[in-house]
Amino acid sequence: MKLRAAEEADLEALSAVHRRAFTPGWGPEEIADLASGPGAFGLIVEAETPLGMILCRALAGEAEVLTLAVDPAARRQGVARALVAAAAITARAAGAAAMFLEVAVDNDPAIALYEAHGFVRAGRRPSYYDRGGGIYVDAAVMRLDLGGTSL
């Protein structure tokens, strides 16, 4: 496995991983829109094919995980752990003192992953995720202290 910074040429690969991980997944245009914003950065893990990706932004001393996606066939192999760890390091290097994310309250594996990295629950967003068919799921807001404001 190789973890590296995502580039513009990776938009299709990032989108393909996201579409395999989520329904509906994001297309290349949606990923490009997020990735082109101020402070945005992306990371990708690949072997023969892309296995996982994370998109984040770091601005004004804070970072946010916009999305984390791992191909279902590559789950439980350390891909997400590597992406979260690398994203935290990248955000810290960009001057972020804390990192935030939202995760569905019923996504126990993701919550366990984030807690293993030191994230703690910092709030809740009611009916944040639309699962379709009138079903909405709350999001847990999670925070990771990246340790101060300077390197």
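Remember, predicted model here, so these are calculated numbers, not experimental data. (Residues numbered from 1 in each chain as written. Predicted model: local features only at pLDDT ≥ 70, side-chain atom pairs only at ≥ 80, totals over all residues. Heavy atoms only, no water.)

### So, the overall build of the chain
- The helix and strand inventory of the chain stands at four helices and seven strands.
- Reading the chain from its N end, one meets helices and strands in the order β-α-α-β-β-β-α-β-α-β-β.
- Projected onto its principal axes, the C-alpha positions of the chain cover 40 × 35 × 30 Å.
- Sorting the 151 residues of the chain into buried and exposed places 44% on the buried side.
- Looking at the chain alone, contacts between residues at least 24 apart form 57% of all its contacts between residues at least 6 apart.
- Here the chain has roughly 8000 Å² of accessible surface; of this, 52% comes from carbon and sulfur atoms.
- Computing the positive centroid from 14 side-chain charges and the negative centroid from 19, the chain places the two 6 Å apart. (Helix = DSSP H or I, 4+ residues; strand = E, 2+ residues; numbered from the N terminus. Buried < 20%, exposed > 50% of the residue type's maximum accessible area, 1.4 Å probe, protein only. Contact = heavy atoms within 4.5 Å. Areas by Shrake-Rupley, 256 points an atom, 1.4 Å probe, with all protein chains shown as cover. Lys, Arg positive; Asp, Glu negative; His and termini not counted. Charge placed at Lys NZ, Arg CZ, Asp CG, Glu CD.)

### Details of the nonpolar core
- Counting 33 residues, the largest nonpolar core has Ile54, Leu68, Met99, Val103, Tyr114 and Phe119 as its most contacted members.
- Among the secondary structure elements, those contributing two or more residues to this core are strand 2 (40-46), strand 3 (50-59), strand 4 (62-70), helix 3 (79-93), strand 5 (98-104), helix 4 (108-116) and strand 7 (135-145).
- In terms of residue count, helix 3 provides more of this core than any other element does, eight residues in total.
- The next biggest cluster of nonpolar side chains, apart from the first, holds 11 residues, and it includes Val17, Ala21, Leu55 and Ala69. (Core = buried A, V, L, I, M, F, W, Y, C linked by side-chain atoms within 4.5 Å.)

### Looking at the sheet that holds strand 2
- Strands sit in the order 1-2-3-4-5-7-6 across an open sheet of seven strands; the sheet is mixed. Strands with a single pairing partner mark the edges of an open sheet, and in this sheet they are strand 1 (2-5) and strand 6 (120-132). Shown here is a sheet whose adjacent strand axes are inclined to one another by a mean of 25°, direction ignored.
- Sheet topology note: the strand 6/strand 7 ladder contains eight bridges and is antiparallel. Note on strand 7: the bridge partner recorded for valine 120 is arginine 143.
- On the sheet, helix 1 (residues 11-21) packs against strand 2, strand 3 and strand 4 and is oriented at approximately 105° with respect to strand 3.
- In this fold helix 4 packs onto strand 4, strand 5, strand 6 and strand 7, with an angle of close to 165° to the strand it touches most, strand 5. (Pairing = 2+ DSSP bridges. Axes fitted to C-alpha atoms, helices over the stretch in contact; angles between N-to-C directions.)

So yeah, pure geometry; function would need other evidence.
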